[in-house]
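Listed below are the residues making up each chain.
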Amino acid sequence: MRRPPRIAAAVGHRLLILAYTAFAVFPFYWMAITAFKQNSDLYVGATNVEHNPFVFNQAPTLDHLRTLFGQTLYPTWLFNTLLIGVLVVAITLLLAVPAGYSLARLTGRWGERLSIGVFLTYLVPSTLLFIPFSRLVAIIGLQNSIWSLVLIYPTFTVPFCTWLLMGFFKSLPREVEESAMVDGCSRAGAIWRMVLPLSIPGILTVVIFALTLVIQEFVYSLTFISSVQRMTVSVGVPVALVRGDVYYWGSLMAACLITSVPIAIVYNFFLDRFIAGFTVGAVK
Amino acid sequence: MADTTAVPVAVAAPARGQLRRSERVLGTLMLAPALVYIVLLVALPFLLAVVLSLTNSSAGSLEFSFVGLDNFRSVIGSPVFRRALRNTFVFTFVSQASVIVLGNFLARALMRKFRGKAVARFLILMPWAAPISLATLGWLWIFDSTFSVINWLLKVVGWLGPGQWYYWLGDPTLGMVAIITVHVWRMLPFSTVILLAGLTSIPAEVHEAADIDGAGPVAKTLHVTIPMMLPILTVALLFGVVFTFTDMSVVYLLTRGGPFNSTHVLASLAFQDGVLGGDVGRGAAIAIFLLPVLLVMAVLTLRVSRRAEVL
Amino acid sequence: METRRQFIVKGGRLVAAAAVTVAGPTIVVRDARAAGQLKILQWSHFVPAYDKWFDPWAKEWGAKRGIDVTVDHVSFADVVPRATAEVAAQSGHDIHMFLGLASAFEEHVIDLGDVVRTLEKKHGPQVELARRSTYNPFTKKQFALSDMWVPDPGNYHKKVWADIGMPNGPSTWEDLVKAAPEIKKKAPQVQIPIGIGLSQDIDSNMAVRNILWCHGGSIQDKDGNVVLNSPETLRALEYAKRLYAVGMTPAVLSWNAASNNQAFNAQETAYILNSISAYRTAQDNKLPIAELTGFVPALKGPTGIQMASEHVMSGYVVWKFSKNQDAAKEFLVALVDASREAMLASKLYNFPSFYGAVADPGTPVARKVESGAAWIAKQCKNDPFGSVPADKLALLADALKWSTNLGYPGYGNPAEGEIFDTYVLTDMFAKAATGAMSPKDALAEANTRARQIFDKWRKKGFVGGGSKDR
């Protein structure tokens, strides 16, 4: 009696997974095949039913990759993106971890109100901050420097991360620090020795979260950086490979693919810990 | 952290009041850097932006004269703005509803064990790892009116007859569909992960208890899963809504607001008028309309999550 | 290496800035070489070969004078946002190149009147469309300098047009409406018979102006009064509606600057309004369309007006905040002097704004413009870049006759610039053409917005007129 529905459920389950995976992956598949197609194979109108765009109709080519690596500064942009990512993550942690802990443990009722205030600043749309930021960046003398992005990017990571970490610290039992303090530790010592090691999952959450936002950002990067060799991937690739009325589709798609895969691998690697971190951080 | 070590170490067994005071000092010191940063780099620029919305500043110059509420008046009178306002809600609501519903299905499916799970999980996560400016170019290529692979497929399977064609980015409705599709595509992995976290957090005993009580799948979802997931659902939603409401990247990169300014959202319109058009006051005025809605949504969500004993 | 070194320097500056904030005033070391520097922001040229000429040429120009020249390139769509950011920041590059109108930035740039006077003394007068795009008669300020403009001919598919009995392509706007159904009949594989964009992008922005002008309408009159609300504009909108119905698809509503090139090169459309860049791309990629491409001059309207907007043009400005204004001016003079090289480096894409600057060496000033025009005609009639037949581009020799500036019949003032940048006209045309609005309503909506924008700029004192607004 119970077998047929089970099989149906299993098939349904598979189909569901398959459909989602196809949706998620299709653009990447498309990028991959575009990246290796010859131009004359690429630019054939879709009305031509005979010409199947899903396969190679002519021999694959490495020309687009050659353009990407030989004629653009793609590796430099990757390096810049990564460097900015790491620095922003570091700043975010330096600001958000102590602040999150303080709001969770050391500030009482006004801390709770303040935490809502901190969260609200996350709501300010970046379109509004664009102009004031330009001025600020110039006053400090950081225009056209990677450091301008390092300075500005935490504006969208710190508020949300502080808020997440606060929840995470709240979820830890107070006994963790109290027992250490009974043993003669100061509060600061207890945080350093007991709380932080227990918070690795939460911190990891923040790291991945901040890194994602940095990689996604392009508006500030577009306007604050003008030298090609200092650009991030998000901006450098389109600037070099979209020439007004010519899109170098093959090289563009290759760049997108090559940037995404390693990041996805890293995410996948930390996913379980991330899930653990987010569960506690968000719920408590 | 430099701040924490700078604090004088408390005496071994201090009186309660003293401890409190030193902790308050420590608390303030730990909070200060983040707070100072936020005030300097978010609050003050924000105030400057509000001031700019009352001026005729061109190209962000700080030499301007105040024009009162002129910008707001002209913005509210503009049909393009009203359309963008509506689109912003449609965009946010439809994409977030889809993301939450689809994410739920997907998270549940990923909870089970099956062959190839690791691969499936990796592939499903990929959109989240792609820089949006490049990924949208990929979609632009997929939706391209001349080379659209979707249309080719539809043509081959016979959905599109001779002379029939979908102009994904050339039609206001299809344009919004395309924008929402791309946004759902990029947000789905993230919310799936969050929901997966929520599902993982429900102890197995709870499910077993419900099974023993004879609850069916629907009843179980209604009375067990949803209430237990509520807090994390709220966070996913809050993040998603704020992120979507203020996001201009997909619109700006995919349709640039076209055709005829019919797919703009507030953020992209603010960018077009304020930065591309050089009318900073007008741009700021448009962006400011995002705030009250965001505020209401945030307060509501925070309320709900508090009732569910979050925060 | 360069990157990392810069990085450390800037990092040091960040620390220094932090130190200033913390420790109060301290000695800030200024870059001692600042006076010997010149930073130029350029677009990424649509013909990439141009950038390969420009960058080293600029460097070399600087090297001879002990000036360290830096050239940065941005995508054409990012030229304006970058300018906004730099004005807001009050720092950045010394020279900024705009495509089309720089007029919205007039209050932030220096007067280049002396540069133009120097150049006119040397090479004779600049072309009128360049003058009208860079000079504001109301404030009497030469806010920009144009070294080049680009003609906007029609590209047509020779074989398709031959098949319908019009081997020489269209010559009037009405021809397009007549040809479209024929093309559909004779060449059904052509998805979009007439590929004129009606989208929010630069090519469409030019195209709808061409339609408007040739039907006798315009945004402003020659004195800066808003006259968009006219029977002529309505006629242009009605025309767009007819053309759209017979010859276009919603695809044109979504096009970006690359789409018409791509569609034409894929033989999915039989007529586009474009510079020669689509053709050059086809040549580079050895696409079959290259040989099948024919060019026609601007189309004639029912009024007999035959007018096309420049396709793009340069508007170099020197920021008020620049500390190297003299070097910047010298550079601009040198750039115009090098117009011949520039036109060849861009494969005849760039046309000089000072015809005299491409004259044969040794020509007296009075005859320089004439001599320059002859040299240009010679290039067009015998394309050095492998056209078959070699005189394919011959019609461009006369392009100046049917080309004009944004803001025609007036000047390219900042209000015209803002209307251009916020797509007020393409919006109006797209709404009327697709039937999303009646031509009348679309016109009323656009007219309201146009008047708002003009009023705003008049209040700021940069635009005249107003007494005869409609």
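All values derive from a computational prediction rather than experimental measurement. (Residues numbered from 1 in each chain as written. Chains lettered and ligands numbered in written order. Predicted model: local features only at pLDDT ≥ 70, side-chain atom pairs only at ≥ 80, totals over all residues.)

Here we take up the overall build of chain A. A tally of helices and strands in chain A yields 14 helices and 2 strands. Expected size for 284 residues packed as a compact globule is a radius of gyration near 19 Å; at 24 Å, chain A overshoots this value by more than 25%. Taken over the C-alpha atoms alone, chain A extends approximately 75 × 75 × 30 Å along its principal axes. Considering chain A as a whole, with its 284 residues, one finds that 57% of them fall into the buried category. Long-range pairs, those at least 24 residues apart, make up 77% of the contacts in chain A between residues at least 6 apart in sequence. (Helix = DSSP H or I, 4+ residues; strand = E, 2+ residues; numbered from the N terminus. Rg over C-alpha atoms; globule rule 2.2 N^0.38 Å. Buried ≥ 20, exposed ≤ 12 C-beta atoms within 10 Å, placed from the backbone. Contact = placed C-beta atoms within 7 Å.)

A few words on the overall build of chain B. A count of helical and extended segments in chain B gives 14 helices and 0 strands. What you see in chain B, going N to C, is helices and strands ordered as α-α-α-α-α-α-α-α-α-α-α-α-α-α. Relative to its full complement of 311 residues, chain B shows a buried share of 54%. For chain B, the proportion of contacts with a sequence separation of at least 24, taken over those separated by at least 6, is 68%.

This part is about the interface of chain A and chain B. The partner chain B presents 91 residues to the 83 residues of chain A that form the contact. With 18 residues, the top contributor of residues to the side of chain A that touches chain B is helix 14 (residues 249-283) of chain A. The residue inventory of the side of chain A that touches chain B, partitioned by class, reads 61 nonpolar, 21 polar and 1 charged. (Nonpolar A, V, L, I, M, F, W, Y, C, P; charged D, E, K, R; others polar.)

Turning to the interface of chain C and chain B, a few remarks are in order. Listed by partner, the interface residues are 36 residues for chain C and 28 residues for chain B. Secondary-structure elements contributing two or more residues to the side of chain C that touches chain B are helix 3 (79-89), helix 10 (251-254), helix 11 (259-265), helix 17 (414-421), helix 18 (424-434) and helix 19 (439-460) of chain C. Here the side of chain C that touches chain B takes 6 residues from helix 3 of chain C, the largest share from any one element. Across the side of chain C that touches chain B, the residue classes break down as 16 nonpolar, 11 polar and 9 charged.

Here we take up unusual backbone geometry. Residues and elements named next belong to chain C. Residue V388 is joined to P389 through a cis peptide bond whose omega torsion reads -10°. Its place among the elements puts P389 in the loop between helix 16 (368-381) and strand 13 (403-404). A cis amide bond links Y408 with the next residue in sequence, P409, at an omega value of 5°. Residue position: P409 is located in the loop between strand 13 and helix 17. Phi is positive for Q267, which is not a glycine, with a value near 60°. With 22 C-beta atoms counted inside 10 Å, the residue Q267 sits in the buried group. Although it is not a glycine, K347 sits at a positive phi angle of roughly 55°.

Note on placement: Y247 of chain A falls in strand 2 (residues 246-247). Separated by 125 residues in the primary sequence, Y247 of chain A and Y122 of chain A have C-alpha atoms spaced 35 Å apart. Beyond its immediate sequence surroundings of up to four residues, Y247 of chain A is in contact with V242 and L252 of chain A together with A258 of chain C.

Looking now at the sheet that holds strand 2 (residues 68-74) of chain C. Residues and elements named next belong to chain C. If you walk across this open sheet you meet the 4 strands as 2-1-3-11, and the pairing is mixed. Edge positions in the open sheet fall to strand 2 and strand 11 (314-318), since each of these has one partner strand only. Looking at each pair of strands side by side, their axes are set apart by 20° on average, direction ignored. Two strands pair when backbone bridges link them, and strand 1 (residues 37-43) and strand 2 are joined in this way by 7 bridges, in the parallel orientation. Across the sheet, residue W43 finds its bridge partner in strand 2, namely V74. Against the sheet, helix 14 (residues 325-337) engages strand 1, strand 3 (95-99) and strand 11, with an angle of about 160° to strand 11. (Pairing = 2+ DSSP bridges. Axes fitted to C-alpha atoms, helices over the stretch in contact; angles between N-to-C directions.)

What links the strands of a sheet is backbone hydrogen bonding, and the strands pair in either a parallel or an antiparallel sense. Residue and element names in this part refer to chain C. Overall, antiparallel pairing links the 3 strands, which are arranged 8-7-9 in an open sheet. A single partner strand is all that each edge strand has here, and the edge strands are strand 8 (271-273) and strand 9 (293-296). Neighbour-to-neighbour, the strand axes of this sheet turn through a mean angle of 25°, independent of strand direction. Bridge count for strand 7 (residues 154-157) against strand 9 is 4 bridges, and the pairing is antiparallel. Within strand 9, the position partnered with Y156 by the bridge is G294.

It is worth spelling out the pairing of strand 2 of chain C at this point. The buried fraction of strand 2 of chain C is high, at 5 of 7 residues. Crossover strand 1 of chain C to strand 2 of chain C through helix 2 (residues 48-65) of chain C is right-handed. (Right-handed = clockwise from strand over helix to strand, strands pointing away.)

This paragraph deals with the confidence of the model for chain B. All names here are of chain B. Put simply, chain B has an average pLDDT of 81, and 89% of its residues get 70 or more. Element-level mean pLDDT values for chain B span from 39 in helix 1 (residues 2-6) up to 91 in helix 4 (residues 79-111). Contacts of residues 1-17 to residues separated by more than four positions or lying in other chains number 23 contacts, the stretch itself having pLDDT below 50. Predicted complex, confidence summary: ipTM 0.84, pTM 0.83. (pLDDT = per-residue confidence, 0-100.)

Consecutive side chains of a regular strand alternate in pointing toward one face of the sheet and then the other. All names here are of chain C. Of all 5 residues in strand 11, 5 are buried; the element is thus mostly enclosed. Of the two faces of strand 11, the one carrying S314, Y316 and V318 and the one carrying G315 and V317 are both buried. In the sheet, strand 3 pairs with strand 11 via 5 bridges, with the strands oriented antiparallel. Bridged to H96 within strand 11 is V317.

A separate point is the packing of helix 9 (residues 231-247) of chain C against helix 18 of chain C. All names here are of chain C. Where helix 9 meets helix 18, the axes come as close as 8 Å, and the angle between the chain directions of the two elements is 55°. Considering the angle they form, helix 9 stands oblique to helix 18. Judged by the twist between their axes, the crossing of helix 9 over helix 18 is right-handed. Side by side, helix 9 and helix 18 meet where L237, A240, K241 and Y244 of the first sit next to F429, A432, A433 and T434 of the second. Along the lines of polarity and charge, the residues of the contact of helix 9 with helix 18 split into 6 nonpolar, 1 polar and 1 charged. (Parallel < 35°, antiparallel > 145°, perpendicular 65-115°, else oblique. Left-handed = near helix turned anticlockwise from the far one by under 90°.)

Our next topic: helix 19 of chain C. Residue and element names in this part refer to chain C. Counted at 1.5 Å a residue, the expected span for helix 19 with its 22 residues is 32 Å, and the 32 Å between its end C-alpha atoms agrees. Buried residues of helix 19: P439, A442, L443, A446, N447, R449, A450, I453, F454, K456 and W457, and no others. Contacts from the buried residues of helix 19 go to helix 9, helix 17 and helix 18. At the exit of helix 19 stands G461, carrying a positive phi of roughly 85°. (Expected span 1.5 Å × (residues − 1).)

All names here are of chain C. For S353, the position within the fold is in the loop between strand 12 (351-352) and helix 16. Owing to 26 C-beta atoms within 10 Å, S353 belongs among the buried residues under this scheme. Ignoring any residue separated from it by four or fewer positions in sequence, one finds S353 in contact with Q126, V127, A130, S146, D147, M148 and W149.

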